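What follows is each chain in one-letter form.
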Amino acid sequence: MPRTLIRKNPSNFKTLPLYVEATPEGLSYQSVGMPLNFAQTLQRRKPVEVADAERFALELANLGVSVRLTLHWQNRDYWVLVRQRRQDRGDVVLKLISGYVPAHELNLPLHTAIQEIAEECLLETPEGWLGGRFNDTWLPAPYSSALHYREALPFRLSPLSGAARPVRCASMQLIERPRAYVHLPTASLQLIYDLRLEVPKEAKSLSLFHVDERLEGDQLVARLDRQRPDLYLMPLKDGQPCAELYTLKKDQLIPASTRGLYLAESFAQQEGWLVRDERIRWKDWLRQQGLSTPEKESKLKQLTGRARQILRKMVPKKAGR
């Protein structure tokens, strides 16, 4: 049974439309017009067209932020993906941790990104849920009224290398250099921060869960469903992704099916500053990355040594000639 963690009034959320200017050297944005609530923002997220992928100026509906989060656990690295049913687009995808940037944080979207990690990526141990720190700053504990957070043993967030081309809010360059793209189908500017989450070695029997807010009637509701953790790990080898997905329950990696899977548009091809696709099939993304799914071992190879011995006794050897 899913557990309700928090309820919010969506009308309290306000964001601002943007005016965006892009050149081959960089991209800048600034707010225009009056603040919009969630419903008004969705109404403005309609397809736009741009002739030149490197040089343009146009008005967009909103600023979105995502985190390509690299989780370091038991001496291995994994990308963190979350499952989302996108009500505004009528599909289900795996995506990066992401959210809308509120009006008061347009000039500091990194702050929004860190809050999204605290809200969407939950780490559980038998002693309680882990809090987190970004450098010297504690992350919020958004569900403290419903969940017990451990005061000690926080996970640690740190920035990884940023994008090559600078992004500015008005004349101020954004710190940690996020990757930026304009998503044409939703008329939005999207920023992706590259961050690392290090799980403390002392955190044992770790489980990971994704919690996302959904609009239900006139409320935004966040629920925890233990039967559907909805948070997935993609292993990295030498910094490159592998064609595998897992969930994590009590320190056990559980393979996840990729049949019929779609990834969100942040995984699609980017042309200049533009992304034109709504989503990309898992198989197409693997092909685009030059990755292949691991071959399944034969059933005999999967047997334990003891089982192999029994099988050999049951199946007589062919007589030699």
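- The chain has the name Metal ABC transporter ATPase in an unreviewed UniProt entry, where Pseudomonas hygromyciniae is given as its organism.

1. Digging into the overall build of the chain
- Each helix and strand in the chain was counted, giving 5 helices and 26 strands.
- Looking at the 321 residues of the chain, the share that counts as buried comes to 46%.
- Of the roughly 17600 Å² of accessible surface on the chain, a fraction of 48% belongs to carbon and sulfur atoms.
- Charged side chains of the chain number 48 positive and 37 negative; the gap between the two group centres comes to 11 Å.

2. Regarding the state of the cysteines
- Going through the model one piece at a time under the given rule, you end up with 0 disulfides.
- Unpaired in this structure, Cys242 has its nearest cysteine sulfur neighbour in Cys121, at a distance of 19 Å.

3. Let's talk about the pattern of salt bridges
- One pass over the structure, following the stated rule, counts 13 salt bridges.
- Where Arg165 meets Glu54, a salt bridge forms, and the shortest distance between an N and an O atom there is 2.7 Å. Taken together, the residues Arg165 in the loop between strand E12 (149–159) and strand E13 (167–169) and Glu54 in the loop between helix H1 (38–44) and strand E4 (56–60) connect sequence positions 111 residues apart.
- According to the relative accessible area criterion, Glu54 is partly exposed, its value standing at 28%.
- Note that Glu120 and Lys95 form a salt bridge whose closest N and O atoms lie 3.8 Å from each other.

4. So, helix H2 (residues 109–120)
- When the terminal C-alpha atoms of H2 are compared, their 16 Å separation across 12 residues agrees well with the 16 Å that a helix rising 1.5 Å per residue should span.
- In terms of burial, H2 is a largely internal element, 10 of the 12 residues being buried.
- Inspection of H2 places Pro109, Leu110, Thr112, Ala113, Ile114, Glu116, Ile117, Ala118, Glu119 and Glu120 among the buried residues, and these make up the whole buried set.

5. What to know about the sheet that holds strand E1 (residues 3–8)
- Across the sheet, 3 strands lie side by side as E1-E19-E18; this open sheet has antiparallel pairing. The open sheet has two free edges, formed respectively by E1 and strand E18 (213–216), since each of these has just one partner strand. Put simply, the sheet's adjacent strands are angled 35° from each other on average, direction ignored.
- Pairing of E18 with strand E19 (residues 219–224) involves 4 bridges; the strand directions are antiparallel. In the sheet register, Arg214 faces E19, and the bridge partner there is Val221.

6. Brief notes about the packing of aromatic side chains
- Under the defined criterion, the tally for this structure stands at 6 aromatic pairs.
- Summarising the aromatic geometry, the rings of Phe13 and Tyr100 are spaced 6.3 Å apart at their centres and angled 70° between planes, so their arrangement reads as edge-to-face. Taken as a pair, Phe13 in the loop between E1 and strand E2 (18–23) and Tyr100 in strand E8 (residues 97–100) lie far apart in primary sequence, 87 residues in all.
- When the ring of Trp129 is compared with that of Phe209, the centres are 5.9 Å apart and the planes differ by 55°; the resulting orientation is tilted. Note that Trp129 is positioned in strand E10 (residues 128–134) and Phe209 in strand E17 (residues 207–210), a separation of 80 residues in sequence. For the pair formed by Trp129 and Phe209, the shared burial category is buried.
- Taken together, the ring pairs in this structure connect Phe13, Phe38 and Tyr100 into an aromatic cluster.
- A cation over an aromatic ring shows up here: Arg165 above the ring of Trp273, its NZ or CZ 3.9 Å from the ring centre.

7. Quick notes on the side chain of Arg133
- Along the chain, the position of Arg133 falls in strand E10.
- No salt bridge forms around the buried Arg133; measuring N to O, its nearest opposite-charge neighbour Asp136 is 4.3 Å away.
- Among the polar contacts listed, one links the side chain of Arg133 to the backbone oxygen of Asp136, at a separation of 3.3 Å.
- Contacts of Arg133, omitting those with residues within four sequence positions, involve Trp138, Leu139, Pro154, Phe155, Arg156 and Leu157.

8. Points about the pairing of strand E20 (residues 231–237)
- When you tally the buried positions in E20, you get 6 out of 7 residues, the bulk of the element.
- One ladder, built from 5 bridges, connects strand E6 (residues 76–86) with E20; its direction is antiparallel. Residue pairing in the sheet places Tyr78 in a bridge with Pro235 of E20.
- The sheet contact formed by E20 and strand E21 (residues 240–241) spans 2 bridges and is antiparallel. Paired with Lys237 across the two strands is Gln240, which belongs to E21.
- From the end of E20 to the start of E21, which pair antiparallel, there are 2 residues, and Asp238 there has a positive phi angle of about 55°.

9. Description of the confidence of the model for the chain
- Per-residue pLDDT for the chain has a mean of 90; in total, 91% of the residues score no lower than 70.
- Long-range and interchain partners of residues 297–305, a stretch whose pLDDT sits below 50, account for 6 contacts in this model, where long-range means more than four residues apart.

The rules we used
Within each chain, residue numbers correspond to sequence positions counted from 1 in written order. Totals for whole chains, interfaces and linings use all residues, but because this is a predicted model, local features are given only for residues with pLDDT of at least 70 and pairs of side-chain atoms are given and counted only at 80 or more. Heavy atoms throughout the structure, all of them, feed into the side-chain values; hydrogens and water do not. Strands here are runs of E lasting at least two residues and helices are runs of H or I lasting at least four, both read from the DSSP assignment and numbered beginning at the N terminus. Only protein chains enter the accessibility calculation, which uses a 1.4 Å probe. A residue is then buried if its area is under 20% of the maximum for its type, exposed if over 50%, and partly exposed in between. Only the protein chains shown count as cover for residues, and the accessible areas themselves come from Shrake-Rupley with a 1.4 Å probe. Charged-residue counts in this description rest on Lys and Arg as positive and Asp and Glu as negative, His and the chain ends being excluded. For charged residues, the charge sits on one atom: NZ in Lys, CZ in Arg, CG in Asp, CD in Glu. Put simply, a disulfide is two cysteine sulfurs that come within 2.5 Å. In what follows, salt bridge is the name for a side-chain nitrogen of Lys or Arg lying within 4 Å of a carboxyl oxygen of Asp or Glu. How far a helix is expected to stretch is found by multiplying one less than its residue total by 1.5 Å. When DSSP locates at least two bridges between a pair of strands, those strands are taken to pair. Lines are fitted to the C-alpha atoms to define the axes, a helix being fitted only along its stretch in contact, and any angle between axes, read from their N-to-C directions, falls within 0 to 180 degrees. Centres within 6.5 Å make a pair out of two Phe, Tyr or Trp rings, where for Trp the six-membered ring is used; the pair is then stacked when the planes are under 30 degrees apart, edge-to-face when over 60, and tilted otherwise. Remark: a charge is flagged as sitting over a ring if the NZ atom of Lys or the CZ atom of Arg is within 6 Å of the ring centre and within 35 degrees of the ring normal. Counting of polar contacts relies on pairs of N or O atoms within 3.5 Å, with two restrictions inside protein: one atom must be capable of donating a hydrogen and the other of accepting it, and residues adjacent in sequence are counted only when both atoms are side-chain atoms. Contacts: residue pairs with any heavy atoms within 4.5 Å of one another. Confidence scores labelled pLDDT are given residue by residue by the predictor and lie between 0 and 100.

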